[in-house]
Amino acid sequence: MMLFLLLLSFAGYGLFFIRRYNIAPAVIPLFLFSSITVVLFVAGLLNLLQEAAYGIFIGGLLFLVYIAFTYSKKKFQMTSLLTPAFLFFAISCVCFMFLLEDYIFLHYDNFSHWGIIVKELFQSNSLPDESTIITYTTYPPGSALFIYYIVTVTGFSESMALIAQAILIAGALSPIFIFCSWKKPLYIAGFLLLSATLLFVDSRSFYTLLVDPLLAYLSIAVIITAYYYRDDWKYMALTVMPMLSLLILTKSSGKIFLAFCLLWMIGLFFRFIRKNALPMKHKLFTIGYMAGCTVLVPFCMNLLWSRYTANAYSPDNQLSKFSITKETLTDINKSPEVIETLLPEVLDAAFDVSSSMVQGMLMANVIAVSSIVIMIFLYKKIPRTLVSATIFVNVFYVIYTALLYMLYLFLMPEVEAEKLAGFTRYQSSAAIFFVGVLMTFVLKEWMEKQTYSSAKWIPKIAAVVVSIVIILPFLNEGRSFFAQNYADADMRPPASNLLTELRQEENISPETPITLINDIGESDHGFLRHLMRYERMTANTFVHTMCTSEEEQKQLTEDINQSDYLMVLNITSEMEDCLEGNSNVENIEPGSYNIKNGVITSKTES
């Protein structure tokens, strides 16, 4: 019921923006979602997060009443909303809701940060600070705030959190359809296949709250929206301002995409100046207006977040993974062997033709260049926008790869840099942006060529070929989109169920210290530790996955001495030998146990 009311609230704002400001329906969802996120961020800084959430919700319902009144007075035509973009957004939201219904968090990074910050926001109704369990303190809260808004209104569940991010993704993909009309249904199908392709590039991330693909979706939306309003700089500034703010509030690497979005808009500005003979006063006003909306406001959001973290955390906790400091930029802190091999490894990974992402980008280049050549031959005119987009995305990828090299060289720990940890995830952002921007303008150019009187069948065939060919490299990822498998995910149900049973049997609180044993013979890379932090929202669970050395046995004994309970998922004879000095139980089996004065006494079952 509350989800239905929330959707009505969204509809109220959307209809108002169309009725009052005539914003393109394709842009409305993302414009609305990014504006809500910015408002919530500012409210969070003022410690008014919950009040702002309910105020936004009620405000949307009031706008809906207002629109219903104006519609009854024949002042508003609902047919203006029925565009291909709106239909895509509506159907996508419904499909995503059914797809993610009853789904739970399984991916490692949901428990290390992206899921735990949403849960923290929901429980505290405030931005994270020193009192919270958040460890990546400098990570911006952009997408988490939007998810917080939805779960605050509807009630918290992991499936609803995933649905909320999926709704945001649907809104970010809607501007791709901004050039479509019902008169050319073939191209609507082409853009629909392109949207599916972009989702398939990193299909695994859709079932998580990871934001790397989201950065690319947002950036594509900004590029397309800016181009759509290229001759109306007032509307361009107003529509992209909250989008750029959300981009920079979603992740620190959003600044890279922000910079390229600004470069694109600078190019559009020079085109506008060259096309229109404007007086110098008008030019200066336009420059100032755009700079304020597209540069000043987003970087003001970034500055506010930096100031907030500086005040909310002690100096020891103000730095987190990948924080840029003077020390990290002057002290590489890598062995000569790693430094020597790092650049070749980054280049090999970035241009590995066996990768579906590289194949997709190469295919996009081939399609774009072929389209340019054919259009020049057939229509005797250079498609300047497509040429510019082709050069733009290729320059972007080269610079993005160079920045990834700098990331591994200066910011990432040597152990992770040596194996290029997370490279596929970072590359997915670039691949989505590359393919999304380039293919949107390829399809747009062919759609416009259909108006020529001669050979109208050529653009139609081109649209079909482009749409089918670009999805081919990602067909395997498309199949996995509907069959998700995560390493270590099978650990969550037994661990979560065991904790639930312990909570039902004993009066434990988040502060109760617990030792958890999952004797799998090797480290689980911190999965259970992060899972327990997420489940309990404290760091009071000591996880052990092996006991093969004196040091590990000593640490296990110390943790047992601090704990009130023991949870066992898997155990071997070697682990039982390590517990012998701290146990009165003959055969320790999977289950929960009481600990008194550092001694395992009995099972917790009554």
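For the structure, check the block above.
Since we're looking at a predicted model, the values are computed, not measured.

Caption draft 1: Examining the overall build of the protein chain more closely. Looking only at helices and strands, the protein chain has 24 helices and five strands in total. Its C-alpha atoms give the protein chain a radius of gyration of 27 Å, near enough to 25 Å, the size a compact globule of 606 residues would have. Expressed along its principal axes, the backbone C-alpha trace of the protein chain runs to roughly 90 × 65 × 45 Å. Classification of the 606 residues of the protein chain by burial places 55% in the buried group. Residue pairs in contact within the protein chain that sit at least 24 positions apart in sequence constitute 78% of those at least 6 positions apart. When the accessible surface of the protein chain is split by element, carbon and sulfur atoms take 61% of a total near 26600 Å².

Caption draft 2: Region of the structure containing the layout of surface pockets. In this structure, the second largest pocket encloses a volume near 690 Å³. Of all the secondary structure elements, the ones that give two or more residues to the lining of the second largest pocket are α11 (254-275), α16 (384-411) and α18 (423-449). At eight residues, α11 tops the list of elements feeding residues into the lining of the second largest pocket. For the lining of the second largest pocket, the residue count by class is ten nonpolar, three polar and ten charged.

Caption draft 3: Main features of unusual backbone geometry. Despite not being glycine, N22 shows a phi value in the positive range, around 55 degrees. Counting through the fold element by element, N22 comes out in the loop between α1 (2-21) and α2 (28-45). We classify N22 as exposed; its relative accessible area is 61%.

Caption draft 4: Main features of the pattern of salt bridges. The full count for this structure, using the stated rule, is nine salt bridges. As a salt-bridge pair, K251 and D212 come within 2.7 Å of each other at their nearest N and O atoms. Here K251, found in the loop between α10 (233-250) and α11, pairs with D212, found in helix α9 (residues 212-228); they are 39 residues apart in sequence, far enough to count as distant. As far as burial versus exposure is concerned, K251 and D212 are alike and both buried. A salt bridge links D212 to R425, with the shortest nitrogen-to-oxygen separation between them at 3.3 Å. With D212 in helix α9 and R425 in helix α18, this residue pair connects regions lying 213 residues apart in the sequence.

Caption draft 5: Broad picture of the state of the cysteines. Counted under the stated rule, the structure contains one disulfide. Put simply, C547 and C578 are joined by a disulfide, and their sulfur atoms are 2.1 Å apart. Here the S-S torsion is close to -100 degrees, and the disulfide linking C547 with C578 is therefore left-handed. With C547 in the loop between β2 (541-544) and α23 (550-562) and C578 in helix α24 (residues 573-579), the pair connects residues that are 31 residues apart, well separated along the chain. The same class applies to C547 as to C578, namely buried.

Caption draft 6: Region of the structure containing the packing of α2 against helix α12 (residues 280-312). Orientation of α2 relative to α12, taken along the N-to-C sense of each, is 30 degrees, at an axis distance of 11 Å. By the angle between their directions, the pair α2 and α12 is classed as roughly parallel. For the element pair α2 and α12, the recorded crossing hand is left-handed. Counting all contacts with α2, which are made through V38, F41 and L45, the residues of α12 involved are M301, L304, W305 and Y308. Grouping the amino acids of the contact of α2 with α12 by side-chain chemistry returns seven nonpolar, no polar and no charged.

Caption draft 7: Region of the structure containing the environment of V27. Tracing the sequence through the fold places V27 in the loop between α1 and α2. The class for V27 is buried, based on a relative accessible area of 0%. The sequence separation of V27 and A85 amounts to 58 residues, and the corresponding C-alpha distance is 8.6 Å. If we skip the residues at most four places from it in the chain, V27 touches I178, T225, T239 and M243.

Caption draft 8: A look at the sheet that holds strand β4 (residues 591-596). With respect to topology, five strands assemble into an open sheet ordered β2-β1-β3-β4-β5, the strand pairing being mixed. Bordering the open sheet on either side are β2 and β5 (599-603), each of which pairs with just one other strand. Each strand of the sheet is rotated relative to its neighbour by a mean of 25 degrees, with strand direction disregarded. Across the sheet, helix α21 (residues 492-505) is in contact with β1 (514-518), β3 (565-570) and β4; its angle to β3 comes to roughly 150 degrees. Contacts from α23 reach β1, β2, β3, β4 and β5, with the element oriented near 150 degrees to β2.

What counts and how
Residues numbered from 1 in each chain as written. Predicted model: local features only at pLDDT ≥ 70, side-chain atom pairs only at ≥ 80, totals over all residues. Heavy atoms only, no water. Helix = DSSP H or I, 4+ residues; strand = E, 2+ residues; numbered from the N terminus. Rg over C-alpha atoms; globule rule 2.2 N^0.38 Å. Buried < 20%, exposed > 50% of the residue type's maximum accessible area, 1.4 Å probe, protein only. Contact = heavy atoms within 4.5 Å. Areas by Shrake-Rupley, 256 points an atom, 1.4 Å probe, with all protein chains shown as cover. 1 Å grid on protein atoms, 1.4 Å probe; cavity = no way out; pocket = protein on both sides within 12 Å on 5 of 7 lines; lining within 4 Å. Points joined across faces, edges and corners; volume = space filled by probe spheres on them. Nonpolar A, V, L, I, M, F, W, Y, C, P; charged D, E, K, R; others polar. Salt bridge = Lys/Arg side-chain N within 4 Å of Asp/Glu carboxyl O. Disulfide = S-S within 2.5 Å. Axes fitted to C-alpha atoms, helices over the stretch in contact; angles between N-to-C directions. Parallel < 35°, antiparallel > 145°, perpendicular 65-115°, else oblique. Left-handed = near helix turned anticlockwise from the far one by under 90°. Pairing = 2+ DSSP bridges.

Just geometry here; none of it tells us what the structure is for.
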